[in-house]
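Summary of the model geometry
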Amino acid sequence: MTVFDKYKKEEGGEMTEERPADVPDEAQAQQSGASSGIGIGELMGKRAKLEEAIDFVGLMIKNLKDKRTGLEKEIEDESVDIKNLKEKLQKISEYIDEENRGIKDLTEKRQQVESEADEVGTMISSLRDRLSGIDRIVEEEGGRVKRIKESREPLES
């Protein structure tokens, strides 16, 4: 049994001294001695009580240190968790920035494709107009050739 073993925590968290029922109080045993006439027994009893109080205070200090150590560990754990969360949020922010750049690039590419499609549409319209013009010329020439042929046929007969 150590000095601190005689103190135990009760359910409410308060430290109390545990005393065996069959062991007489040390102060009472010493007081019954021969030196009780001059008060030394009383003084020794007070000293014993003071030692017990000091032991109790020492135990309280130890418990407080243990609690503080536990709190320090919990705070450190929380700090690590928060740093991990911060890193994750930074990665998410970087991902969002990258996606925004990607969307901007896609928008620019789409605009280029639309511009090229407009150019192709304009070229098709122009070529259609040119083909229509050629078709008219071919029809006109075909009509002339037909008229020439028609004008020659009666002579040959």
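First, a word on scope: everything that follows refers to the structure included in this document. What you see is a predicted model; the values in this text were computed from it and never measured.

Cut-offs and rules
Residues numbered from 1 in each chain as written. Predicted model: local features only at pLDDT ≥ 70, side-chain atom pairs only at ≥ 80, totals over all residues. Heavy atoms only, no water. Helix = DSSP H or I, 4+ residues; strand = E, 2+ residues; numbered from the N terminus. Buried < 20%, exposed > 50% of the residue type's maximum accessible area, 1.4 Å probe, protein only. Contact = heavy atoms within 4.5 Å. Areas by Shrake-Rupley, 256 points an atom, 1.4 Å probe, with all protein chains shown as cover. Salt bridge = Lys/Arg side-chain N within 4 Å of Asp/Glu carboxyl O.

If you tally the helices and strands in the protein, you get two helices and two strands. Shown N-terminal to C-terminal, the secondary structure of the protein runs as helices and strands in the order β-β-α-α. Burial analysis of the protein (157 residues in total) assigns 7% to the buried set. Considering only intrachain contacts with a sequence separation of at least 6, the fraction spanning at least 24 residues in the protein is 45%. Just so you have it, the protein exposes about 13900 Å², and 56% of that area is on carbon and sulfur atoms.

Let's shift gears to the pattern of salt bridges. Tallying each qualifying case throughout the model produces six salt bridges. Residue Glu72 pairs with Arg68 through a salt bridge whose shortest N-O separation is 3.4 Å. Taken together, the residues span about one helical turn, with Glu72 and Arg68 both in helix 2 (residues 40–156) at a distance of four residues. Its relative accessible area of 46% is what places Glu72 among the partly exposed residues. With a closest N to O distance of 2.8 Å, Arg110 and Glu114 form a salt bridge. Of this pair, Arg110 and Glu114 both sit in helix 2, separated by four residues, roughly a single helical turn. In this structure Arg110 comes out as partly exposed when scored by relative accessible area, which is 41%.

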